[in-house]
There are 2 protein chains.
Amino acid sequence: MDEVKGSNGDAGIPSTVVFRLGTLGTVAADRFAAAIEPLDLKPKHVGLMASLAHGEASASQQELAGRLGVVPSLVVSLADHLERLGAVQRVRDPGDRRRQILTLTEHGRALLAQCTATARELDERFTAVLSSQQRAALQEALAILAAEAGLPTK
Amino acid sequence: MDEVKGSNGDAGIPSTVVFRLGTLGTVAADRFAAAIEPLDLKPKHVGLMASLAHGEASASQQELAGRLGVVPSLVVSLADHLERLGAVQRVRDPGDRRRQILTLTEHGRALLAQCTATARELDERFTAVLSSQQRAALQEALAILAAEAGLPTK
DNA sequence: TATTGTTATACTCTATAACTATA
DNA sequence: TATAGTTATAGAGTATAACAATA
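Each chain carries its own residue numbering, running from 1 in the direction its sequence is written. Chains carry letters and ligands carry numbers; both start at the beginning, A for chains and 1 for ligands, and go up in the order they are written. Restriction of local features to residues with pLDDT of at least 70 applies here, the model being predicted, together with a cutoff of 80 or more for giving and counting side-chain atom pairs; totals for whole chains, interfaces and linings are based on all residues. Side-chain calculation: all heavy atoms of the structure are included, whereas hydrogens and water are not.

Looking at an unreviewed UniProt entry, one finds chain A named MarR family transcriptional regulator, with Kitasatospora acidiphila as its source organism.

Have a look at this one:
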C-alpha cells in the first residue's frame, strides 16, 4: 500500500499550493527577468504591453493601472520607459484632454513577440521534466486559477 | 472540432507557464503574507522556520542563507525577529565559536503549525474552482518543478 | 469641485561592503 | 589569513502624497 493517501499528514508548508506557487513564481519571474534584460525590459513592462495587445489595442493610463493592479504613478514610469524605447505611443484623448491614450507601436508588437518567444523557450526548459500529460494538466490548472484570480487569461 | 489544437498560435505571453507562475505566485504570496501578518511573520520568516523544521532541526546561519537563497546578512535580521518572538534560539557552536546554531523552539513549532494550517485553508479556497483531479495534477506538477528547481519539497 | 496624469517623497525588501570575533 | 556573523549603507521596486491641467 501507499504510505501516502489523500493529504499527507506529514506534509509541511512547502507542499502547499500557495507556498509552491510563491516560491516557483519567484524562480520563474527571476528567469524571465534575466532573459528579457537584453531587451531593456522588466516583467512589468511586458505586462503592460501584453495588456495593450489584448483586444482593444489602446487604453488610458488609469485603465492600465487598474488592469495591472498597480498605482497610476507607476504606469507613468513604465510608459515613459516604453515610450523611450518606441514601444508605445502616448496620444491625448481629444474627447477628454486629461487622458493619455497608450497604443502599442509596430516596434512594440515586435518586442512583445520576442518576449513571447523567450517565454516559450523558458517554458520548454522549465517543464522539460514533466510528461506531456503533466504539462497539459499544469497549463489547464494554471489557466483556471489565473482566470479566477482576475489575471489576464489570453 | 476544437478551435484550439495543441498549442494555440494566438496564445499570447499570458498563457505561458513562466508568466502564469509569476503572476499567480505574486497573488499567492500576497494572500499568504496577509494571512500570517497577525502572527507578526513574513513569508521569509516562515521559509526559515520550515527549513529548520525539516530533518535536522538546527543549522548555522550560513547554511540557512544557502538553503533560502539569500545573503547571510538577511538571515541575521530574520533570525533576530524570530528570536524576539521566541520562535528560534541562537546557540554558539562549542566546536567553532564563530558559528551560531539556530534551532526551532516549541513556540516556533507551534507558530509554524499555525502557518501551515493557514496555508492549507488558503489552498482550499484558492483551488476551490478546480476538480479534485485537476487539483491533484497541479500538486504533482508543482512538486516536480519545485524539486527540479532545488526548492524545499517536503 | 473632481479627475488624469505627473512629480516628489517615502517605504519595503534585499544586496554589498565594512567591521568584529574567532579560527 | 580566512571565515561566521553583524552592522552600515545603498539600490531596486513600488506606494503615498502633493501638484498641474482639464473637466
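The rule for a residue being near a molecule or strand is that one of its heavy atoms must lie within 4 Å of it. Taken together, 18 residues sit near DNA strand C, with Gln61, Gln62 and Arg90 of chain A together with Lys44 and Arg97 of chain B positioned nearest. The sugar-phosphate portion of DNA strand C accounts for 78% of its atoms within 4 Å of the protein, the bases making up the rest. Polar contact is the term for a pair of N or O atoms within 3.5 Å; when the atoms are in protein, one must be able to donate a hydrogen and the other to accept it, and sequence-neighboring residues count only if both atoms are side-chain atoms. The separation between a phosphate oxygen of DNA strand C and a polar main-chain atom of Gln100 of chain A is 2.9 Å. Contact between DNA strand C and Lys42 of chain B: a phosphate oxygen at 3.2 Å from a side-chain N or O atom of the residue. Elements are defined by DSSP. Helices are runs of H or I of four residues or more, strands are runs of E of two residues or more, and each kind is numbered from the N terminus. Breaking the surface near DNA strand C down by element, the ones donating at least two residues are α3 (61–68) and α4 (72–84) of chain A together with α4 (72–84) of chain B. Here the residues of the surface near DNA strand C are counted per class, giving 4 nonpolar, 6 polar and 8 charged. Charged means Asp, Glu, Lys or Arg here, nonpolar means Ala, Val, Leu, Ile, Met, Phe, Trp, Tyr, Cys or Pro, and polar covers whatever is left, Gly included.

Ranked by size, the top nonpolar core spans 82 residues in total, and within it Leu21 and Leu138 of chain A together with Ile13, Leu21 and Leu138 of chain B carry the most contacts. Only heavy atoms matter for contacts: two residues are in contact if any of them lie within 4.5 Å across the pair. Contact partners of Ile13 of chain B, with chain neighbours within four places excluded, come to Phe32, Val46, Ala50, Leu112, Cys115, Thr116 and Ala119 of chain A together with Phe19 of chain B. In this description, a nonpolar core means a group of buried Ala, Val, Leu, Ile, Met, Phe, Trp, Tyr and Cys residues linked to one another through side-chain atoms lying within 4.5 Å. Classification of residues uses two cut-offs on accessible area relative to the type maximum, computed with a 1.4 Å probe and protein chains only: under 20% is buried, over 50% is exposed, and between them is partly exposed.

Residues and elements named next belong to chain B. Summarising the sheet, strand β1 (residues 58–60) and strand β3 (residues 100–104) pair through 3 bridges and their orientation is antiparallel. Looking across to β3, one finds that Ser58 is bridged to Thr103. Two strands qualify as a pair provided that DSSP identifies no fewer than 2 bridges between them. Both strand β2 (residues 88–92) and β3 contribute to a ladder of 5 bridges, which runs antiparallel. Note that in β3 the partner of Arg92 across the bridge is Gln100.

Residues and elements named next belong to chain B. With respect to topology, 3 strands assemble into an open sheet ordered β1-β3-β2, the strand pairing being antiparallel. What marks the edges here is a single partner per strand, and that holds for β1 and β2. Recorded for the sheet is a direction-independent mean angle of 30° between the axes of neighbouring strands. Each axis is a line fitted through C-alpha atoms, taken for helices only over the stretch in contact, and angles between the N-to-C directions span 0 to 180 degrees. Those strands touched by helix α2 (residues 43–53) are β1, β2 and β3, and its axis lies near 90° from that of β3. Against the sheet, helix α3 (residues 61–68) contacts β1, β2 and β3, and its axis sits at roughly 95° relative to β1.

Here the focus is the relation of the copies chain B and chain A. The least-squares superposition of copies is restricted to C-alpha atoms, and to residues with a pLDDT of at least 70 in both copies. Taken as rigid bodies, chain B and chain A are interconverted by a rotation of 180° and an axial shift of 0.0 Å, the fit giving an RMSD of 0.1 Å. This pairing of chains is accounted for by a two-fold axis. Closest to the rotation axis within chain B is the C-alpha of Gly25 of chain B, separated from it by 2.1 Å. When the interface residues of chain B are mapped onto chain A, 100% of them are again interface residues, pointing to one common binding face.

Okay, α3 of chain A next. Residues and elements named next belong to chain A. Listed as buried for α3 are Gln61, Leu64 and Ala65. All buried residues of α3 fall inside an arc of 100° around its axis, so they share one side. Among the exposed residues of α3, those pointing more than 90 degrees away from its buried face are Gln62 and Gly66. Where the residues of α3 are buried, they touch α2 (43–53), β1 (58–60), α4, β2 (88–92) and β3 (100–104). Note: the arc covers the axis-to-C-beta directions of the helix.

Next up on the list: the sheet that holds β3 of chain A. Residue and element names in this part refer to chain A. Spatially, the 3 strands line up as an open sheet ordered β1-β3-β2, and their pairing is antiparallel. Each having just a single partner strand, β1 and β2 make up the two edges of the open sheet. Direction aside, neighbouring strands of the sheet carry axes that sit 30° apart on average. Of the strands in this sheet, β1, β2 and β3 touch α2, which is tilted by about 90° from β3. Sheet contacts for α4: β2 and β3; angle to β2, the most-contacted strand, approximately 115°.

Our next topic: the side chain of Thr127 of chain B. Within the element layout of this structure, Thr127 of chain B appears in the loop between α5 (106–126) and α6 (132–148). Classification of Thr127 of chain B by relative accessible area gives buried; the value is 2%. Sequence-distant contacts of Thr127 of chain B, defined by excluding residues within four places in its chain, comprise Val17 and Leu145 of chain A together with Arg135 of chain B.

This part covers the protein's contact with DNA strand D. Looking at DNA strand D, there are 18 residues lining it, with Lys44 and Arg97 of chain A together with Gln61, Gln62 and Gln100 of chain B nearest. Within the side chain of Lys42 of chain A, a nitrogen or oxygen atom sits 2.9 Å from a phosphate oxygen of DNA strand D. Within the backbone of Arg97 of chain A, a nitrogen or oxygen atom sits 2.7 Å from a phosphate oxygen of DNA strand D. Here the residues of the surface near DNA strand D are counted per class, giving 4 nonpolar, 6 polar and 8 charged.

Each partner contributes residues to the interface: chain B has 52 residues there, and chain A has 53 residues. When two components associate, each loses some accessible surface as probed by a 1.4 Å sphere; the sum of these losses over both components is called the buried area. Of the roughly 4,800 Å² buried between chain B and chain A on both sides combined, carbon and sulfur atoms contribute 74%. When residues of chain B are sorted by the area they lose upon contact with chain A, Ile13, Val18 and Arg20 of chain B head the list and together hold 13% of the total. Throughout this description, the term salt bridge denotes a Lys or Arg side-chain nitrogen within 4 Å of a carboxyl oxygen of Asp or Glu. Counting the contacts that link chain B with chain A gives 0 salt bridges. Summed over the shared surface of chain B and chain A, the result is 10 residue pairs in polar contact (both at pLDDT 80 or more). Secondary-structure elements contributing two or more residues to the side of chain B that touches chain A are α1 (17–36), α2, α5 and α6 of chain B. Broken down by element, the side of chain B that touches chain A gets its largest block of residues, 13 residues, from α1 of chain B. By residue class, the composition of the side of chain B that touches chain A is 30 nonpolar, 14 polar and 8 charged.

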